[in-house]
Amino acid sequence: MATRHQARKAVIGLLYAYDLGNDGIEKFAEEILEADKIRNRQREFSLRLFKGTLAHLDELDAEITRHLESWDYTKIGKVEKAILRLGAYEILVEKNERPVVIDEAVELAKELADEKSPQFVNGVLDAIGKPAKVNEE
């Protein structure tokens, strides 16, 4: 049986394919998950994350962009973008525990992206969902 980590990894692949312009990937999501041996509850989990992320894409991208500081969102790698979108969705919409989501996203970045990506993903996701600081003057 697949783990949640494997399920999330499959979702990253689906989001990556979608970002490459494969809009029809949604039709094939179940077959792709089956090929990755993502079944039963983990398949339901994967599909919920994938479809939910796509449904909230504009607001997730806006929230990610808001926390980029000196980065240009259009220059971020597609794998990193997929990881950030999934992490932001889990934090903001699913309301999953931030430390768990961030840890999982960092692990995915270590596996799937370049060596600087885990730190970048950690920094952006850590800023997402935090209460805004109020100026005390």
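Just above sits the structure.
Residues numbered from 1 in each chain as written. Predicted model: local features only at pLDDT ≥ 70, side-chain atom pairs only at ≥ 80, totals over all residues. Heavy atoms only, no water.

Student: How do you make sense of the packing of aromatic side chains when you look at a structure like this?
Tutor: The geometry of an aromatic ring pair is captured by two quantities: the separation of the ring centres and the angle between the planes. Considering all chains together, one arrives at 1 aromatic pair under this definition. An angle of 50° between the planes, with centres 4.7 Å apart, marks the rings of Trp 71 and Phe 120 as tilted. Within this pair, whereas Trp 71 is found in the loop between helix H4 (57-66) and helix H5 (78-92), its partner Phe 120 is found in helix H7 (residues 117-127), the two being separated by 49 residues in sequence. The ring of Phe 45 is capped by Arg 4, whose NZ or CZ atom sits 3.9 Å from the centre of that ring. Positioned above the aromatic ring of Tyr 73 is the side chain of Lys 81, whose terminal nitrogen or guanidinium carbon lies 4.6 Å from the ring centre. (Phe/Tyr/Trp six-rings, centres within 6.5 Å; stacked < 30°, edge-to-face > 60°. Helix = DSSP H or I, 4+ residues; strand = E, 2+ residues; numbered from the N terminus. Lys NZ or Arg CZ within 6 Å of the ring centre and 35° of its normal.)

Student: Hey, could you run me through the nonpolar core in this one?
Tutor: Note that soluble globular proteins tend to have their nonpolar side chains buried in a common cluster. Of all hydrophobic cores here, the largest spans 42 residues; its most connected members are Phe 50, Ile 64, Ile 83 and Leu 125. At 8 residues, the largest contribution of residues to this core is made by H5. Not counting the four nearest positions on each side in its chain, Phe 50 is found in contact with Val 11, Leu 14, Leu 15, Ile 25, Glu 26 and Ala 29. (Core = buried A, V, L, I, M, F, W, Y, C linked by side-chain atoms within 4.5 Å. Buried < 20%, exposed > 50% of the residue type's maximum accessible area, 1.4 Å probe, protein only. Contact = heavy atoms within 4.5 Å.)

None of this, on its own, says anything about what the molecule does.
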